[in-house]
Amino acid sequence: MAVKIRLRRIGRKKAPVYRIVVADSQSPRDGRFIEIVGQYAPRQSAGEGASNVDVARVNYWLDNGAQPTDTVRSILRKAGVLKARHEALLARKLNAKAVPVSEKAD
């Protein structure tokens, strides 16, 4: 079962609001989903909270192999989720390679 993180449309006509959901890749856009991990309102300005994302759950699903769609990837990038994830991965990698410097004997 391929799992995707994608948008599910809610809201009324001409005023879309989307839920960011984790769903099977073969289910329809507004069909069955596994979990709601956020919300996105494209008509709001970015400063007023256009996106609301549960970072812990998104990271959990990304760790378990869920693939975000292009639009969701863009939303996660703007929310800072992917940057924080990348920096944490780099920090783990650098800490694993780091060798402590021995102090010079005077």
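Keep in mind it's a predicted model, so treat the numbers as computed, not measured.

Thoughts on the environment of Ala-66
Argument step 1. Tracing the backbone shows Ala-66 in the loop between α1 (55-63) and β5 (67-68).
Argument step 2. Residue classification places Ala-66 among the buried residues on the basis of a relative accessible area of 4%.
Argument step 3. The spatial distance from the C-alpha of Ala-66 to the C-alpha of Ile-5 is 6.4 Å, given a sequence separation of 61 residues.
Argument step 4. Contacts of Ala-66, omitting those with residues within four sequence positions, involve Val-3, Ile-5 and Trp-61.

Structural notes on the pattern of salt bridges
Pairs can form between side chains of opposite charge once their charged atoms are near each other.
Argument step 1. A full pass over the atoms with the stated rule returns three salt bridges.
Argument step 2. Between Arg-85 and Asp-63 there is a salt bridge, with the nearest N and O atoms lying 2.9 Å from each other. In this pair, Arg-85 sits in helix α3 (residues 81-97) while Asp-63 sits in helix α1, placing the two residues 22 residues apart along the sequence.
Argument step 3. Residue classification places Arg-85 among the partly exposed positions, given a relative accessible area of 27%.

What to know about the side chain of Arg-6
Argument step 1. Position of Arg-6 relative to the elements: it lies in strand β1 (residues 3-12).
Argument step 2. This buried residue, Arg-6, is left without a salt bridge; Asp-24 holds the nearest opposite charge, at 7.5 Å.
Argument step 3. Among the polar contacts made by the side chain of Arg-6, one reaches the main-chain carbonyl oxygen of Ser-27 at a distance of 2.6 Å.
Argument step 4. Here Arg-6 is in contact with Arg-19, Ile-20, Val-21, Ala-23, Asp-24, Ser-25, Ser-27, Pro-28, Arg-29, Thr-69 and Val-72, once residues within four sequence places are set aside.

Re the sheet that holds strand β3 (residues 35-40)
Argument step 1. The strand order β4-β3-β2-β1-β5 describes an open sheet built from five strands, whose pairing is mixed. Edge strands, defined here as strands with exactly one partner in the open sheet, are β4 (51-53) and β5.
Argument step 2. Bridge count for β3 against β4 is three bridges, and the pairing is antiparallel. Note on β4: the bridge partner recorded for Tyr-40 is Ser-51.
Argument step 3. Helix-sheet contacts for α1 involve β1, β2 (15-24), β3, β4 and β5, and the interaxial angle to β3 is about 125°.

As for the nonpolar core
Argument step 1. Ile-5, Ile-20, Val-37, Val-58 and Trp-61 are the most contacted members of the largest nonpolar core, which totals 16 residues.
Argument step 2. Among the secondary structure elements, those contributing two or more residues to this core are β1, β2, α1 and α2 (70-79).

Some details on the pairing of β3
Argument step 1. Examined bridge by bridge, β2 and β3 share five bridges and lie antiparallel to one another. Residue Val-21 lies in a different strand from β3, and its bridge partner there is Ile-36.

Overview of α1
Argument step 1. Among all positions in α1, only Val-58, Trp-61 and Leu-62 are buried. The buried residues of α1 occupy an angular sector of 100° when the element is viewed end-on, so they sit on one face. Along α1, the residues that are exposed and aim more than 90 degrees away from the buried face are Ala-56 and Asp-63.
Argument step 2. Phi for Gly-65, located one or two positions after α1, is positive at around 100°.

Parameters at a glance
Residues numbered from 1 in each chain as written. Predicted model: local features only at pLDDT ≥ 70, side-chain atom pairs only at ≥ 80, totals over all residues. Heavy atoms only, no water. Helix = DSSP H or I, 4+ residues; strand = E, 2+ residues; numbered from the N terminus. Buried < 20%, exposed > 50% of the residue type's maximum accessible area, 1.4 Å probe, protein only. Contact = heavy atoms within 4.5 Å. Salt bridge = Lys/Arg side-chain N within 4 Å of Asp/Glu carboxyl O. Lys, Arg positive; Asp, Glu negative; His and termini not counted. Polar contact = N/O pair within 3.5 Å; in protein donor to acceptor, adjacent residues only side chain to side chain. Pairing = 2+ DSSP bridges. Axes fitted to C-alpha atoms, helices over the stretch in contact; angles between N-to-C directions. Core = buried A, V, L, I, M, F, W, Y, C linked by side-chain atoms within 4.5 Å. Arc of directions from axis to C-beta.

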